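Remarks on the overall topology
Given next are the chains, with one letter for each unit.
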Amino acid sequence: MGLAYRYRLVYELLANGKSNPMIIWKTLTKEDKPTNLDDNDCFGTLKKVDAIEKILRSEILDNHSTVALYGDWGSGKSSVILTLMERFKDDDKIITIKFDAWKYEKEGSLAYALLEHIIYELEKNDNKVIKYEIKAIKDNVLKSGKIVLKSVNVNYGFFGLSFENNNKDVDCGDIDNLTNGIKKISEILNENNKRLIVFIDELDRCEPKNILDLISSLKAIFNASNENDYYNIIYFVAIDKDAVSKALKKRYGEIMKSEEYLEKIFNISFSMPKHFELKNFIKQYESFNDENAEKLARFFEYIKFTNPRHIKKVLNKYEILAKFKDAGVDRGLIPEIITKNRDKYLFDTIFVLYFIILYDFYYEKYLEVKKYEHRVKHLKKIYTREINGDYVITDR
């Protein structure tokens, strides 16, 4: 089976054309959701989770309130957060709240959206005292928050803390009212012997300006609770340093490096592993045994395709193809790939994986391959040879 023919068959399965009833990627492919690492340590990061859990439970945080988890986009930060939240679920002294920043970006102010989210979540708490007391202060805190956080840009840059007031009606009294409200939340938690951990995720996906505004607000405004010396509100932020670096460059030029900036914001930080157990990650898919997983791991490493989220997306699509093949409903379109029930050809398997990668992540290159068969036919038609000084077209 030639390259062009193999390409065409795989393309028919990948394309979203209505003419092919077998194209059901969107309904069958697994969603890209975080994984509870206690159930499946697919990233090999459980030791990191254990260390973070101990810190978040310990008295070390009594003098710190902002914690960072650094990692590239798709490195598994969301899975770490999910696992930690599951572990804290049955601890009656810890309240956890998750804030997906990207979902709230269109609301105008991520900082205000965070404040609103924290209050509404605490208002639903099972502890009736906390619920009642939060409800009593909610309106005043949100009123001050709306005035300040939607009107003031907080900068925590090279020259320290500064405010850019976009509304002449905002004064220092409004800022004081807001910080006092945050202190009151801390007091309520302290009176009920609770520690609040706010997990902030998906910040990498936000606009550069919004990334800086939120993490600057954490330091400048949300840290007000620590003036009570309670340190019982912890902000745990999953962030990609590269995203912060780009945001800083856009706002300040070359005047500040991301390392310097982040050291000012976060008291304690952790980093996701640069490398993860790729072989074990592949083995979680039923099509691959230990030997095949090892060979495919070498393939992904060789082409430098090692982002966990990207690999997961590719293998999820491959798994659907494998199920088609095992069920015998592929009409002969799918090459002889390795599946759960068929220990077939590694070459065919790598070939299909490679085309999925091209299709999803390098579409321009994919289109070049798509045109391969057309180009060959075209070259055959225009191939010329010189006869008596003239050029003629030949089909050979």
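Residues numbered from 1 in each chain as written. Predicted model: local features only at pLDDT ≥ 70, side-chain atom pairs only at ≥ 80, totals over all residues. Heavy atoms only, no water.

In this section: helix α13 (residues 308–327). Between the first and last C-alpha of α13 there are 28 Å, a value that for 20 residues agrees with the 28 Å anticipated at 1.5 Å per step. In terms of burial, α13 is a largely internal element, 14 of the 20 residues being buried. Sitting at the amino-terminal end of α13 is Asn307, which places a side-chain oxygen 2.9 Å from the backbone nitrogen of Arg309. Backbone geometry just after α13 places Gly328 at a positive phi near 70°. (Helix = DSSP H or I, 4+ residues; strand = E, 2+ residues; numbered from the N terminus. Expected span 1.5 Å × (residues − 1). Buried < 20%, exposed > 50% of the residue type's maximum accessible area, 1.4 Å probe, protein only. Polar contact = N/O pair within 3.5 Å; in protein donor to acceptor, adjacent residues only side chain to side chain.)

Turning to the pattern of salt bridges, a few remarks are in order. Opposite charge on two side chains permits them to pair, given that their charged atoms come into close proximity. In the structure shown here, the tally under the stated rule is 25 salt bridges. Its salt-bridge partner being Glu121, residue Lys124 comes within 3.1 Å of it at the nearest N-O pair. With a relative accessible area of 28%, Glu121 lands in the partly exposed category. The salt bridge involving Lys279 is made with Asp290; its shortest N-O contact spans 3.0 Å. Separated by 11 residues along the polypeptide, Lys279 in helix α11 (residues 278–283) and Asp290 in helix α12 (residues 290–302) bring together distant segments of the chain. Through salt bridges with shared partners, a single network forms among Asp38, Asp50, Glu53, Arg57, Arg87 and Asp91. (Salt bridge = Lys/Arg side-chain N within 4 Å of Asp/Glu carboxyl O.)

With that out of the way, let us pick up the packing of aromatic side chains. Under the counting rule described, the total for this entry stands at 15 aromatic pairs. Here Phe99 and Tyr104 contribute two aromatic rings whose centre-to-centre distance is 4.9 Å and whose plane-to-plane angle is 15°, an arrangement assigned as stacked. Taking relative accessible area as the criterion, Tyr104 reaches 22% and is therefore assigned partly exposed. Taken together, Phe347, Phe351, Phe355, Tyr359, Tyr363 and Tyr366 form an aromatic cluster joined through their ring pairs. If you follow Arg309 out to its NZ or CZ, it ends over the ring of Trp73, 4.4 Å from the centre. (Phe/Tyr/Trp six-rings, centres within 6.5 Å; stacked < 30°, edge-to-face > 60°. Lys NZ or Arg CZ within 6 Å of the ring centre and 35° of its normal.)

Attention now goes to helix α10 (residues 258–265). Within α10, burial applies to Ser258, Tyr261, Leu262 and Ile265. Projected down its long axis, α10 carries its buried residues within an arc of 95°, all on one side. (Arc of directions from axis to C-beta.)

Right, let's get into the pairing of strand β1 (residues 66–70). With five of five residues buried, β1 is to be regarded as a mostly interior element. Side chains Thr66, Ala68 and Tyr70 of β1 all project onto a buried face; the interleaved residues Val67 and Leu69 project onto the opposite face, where all are buried too. Bridging between β1 and strand β6 (residues 233–239) involves five bridges; their strand directions are parallel. Bridge assignment links Tyr70 to a residue of β6, and that residue is Ile239. The sheet contact formed by β1 and strand β7 (residues 268–271) spans four bridges and is parallel. Residue Val67 lies in a different strand from β7, and its bridge partner there is Ile268. (Pairing = 2+ DSSP bridges.)

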